[in-house]
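Chain by chain, the residues:
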Amino acid sequence: MIALKEAAYSECRFRVGAVLVKGGRVLGRSCNRRRNCPRTDFRHATFHAEEALLRTTDIPRRAVVYVARLGREGVPLLARPCPRCQRQLAARGISLAHYTTDTGSGTLRMS
Ligand SMILES: [Zn+2]
């Protein structure tokens, strides 16, 4: 899963990756970032992977986001988008998110 690979790039304590997909094509990817990473501003301590993705990617209609979190032992953990990210995703027309859990995966519909 591409989002898991992206999470591996994160330098944060909680490593999360987000990937935007439409029609089987990857349109953008991002991991969560510390505020001193390049291409981020300094108003927030960290950007969630979903926020970083929205900042760097053009969002077409009906795109789907995949979010993955990688634990220290390299196993997937729960990566359900938080309420703030859910609002931001929904505001950009993304209504479907798939995310990893410690037992598999989950799906979230946003309105
Ligand atoms: Zn979030």
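Before any of the text, the structure's been laid out above.
Just so it is clear, the model here is predicted, and its values are computed rather than measured.

Definitions and cut-offs
Residues numbered from 1 in each chain as written. Predicted model: local features only at pLDDT ≥ 70, side-chain atom pairs only at ≥ 80, totals over all residues. Heavy atoms only, no water. Donors = N, O, S within 2.8 Å, 3.2 Å for Na, K, Ca; no water. Buried < 20%, exposed > 50% of the residue type's maximum accessible area, 1.4 Å probe, protein only. Helix = DSSP H or I, 4+ residues; strand = E, 2+ residues; numbered from the N terminus. Pairing = 2+ DSSP bridges.

A. Up close: the coordination of the zinc ion. Every protein donor of the zinc ion is accounted for by His 48 (ND1), Cys 82 (SG) and Cys 85 (SG), and the metal-donor separations fall at 1.9 to 2.3 Å. Here Cys 82 falls in the partly exposed class, since its relative accessible area comes to 21%. Using a relative accessible area of 1% as the deciding quantity, one classes Cys 85 as buried.

B. Focus on unusual backbone geometry. Unusually for a residue other than glycine, Arg 62 sits at a positive phi of about 60°. By the secondary structure assignment, Arg 62 is in the loop between α2 (49–56) and β5 (64–70).

C. Structural context of the environment of Gly 17. For Gly 17, the position within the fold is in strand β1 (residues 15–22). Residue class for Gly 17 comes out buried when judged on its relative accessible area of 0%. In this structure, the C-alpha to C-alpha distance between Gly 17 and His 48, residues 31 residues apart in sequence, is 8.6 Å.

D. Structural detail: the pairing of β1. The element β1 is largely enclosed, with a buried count of six among its eight residues. Across seven bridges, the pairing between β1 and β5 is antiparallel. Across the sheet, Arg 15 pairs through a bridge with Leu 70, a residue of β5. One ladder, built from six bridges, connects β1 with strand β2 (residues 25–31); its direction is antiparallel. Residue pairing across strands places Gly 17 opposite Cys 31, the latter belonging to β2.

Read these as geometric descriptors, not functional statements.
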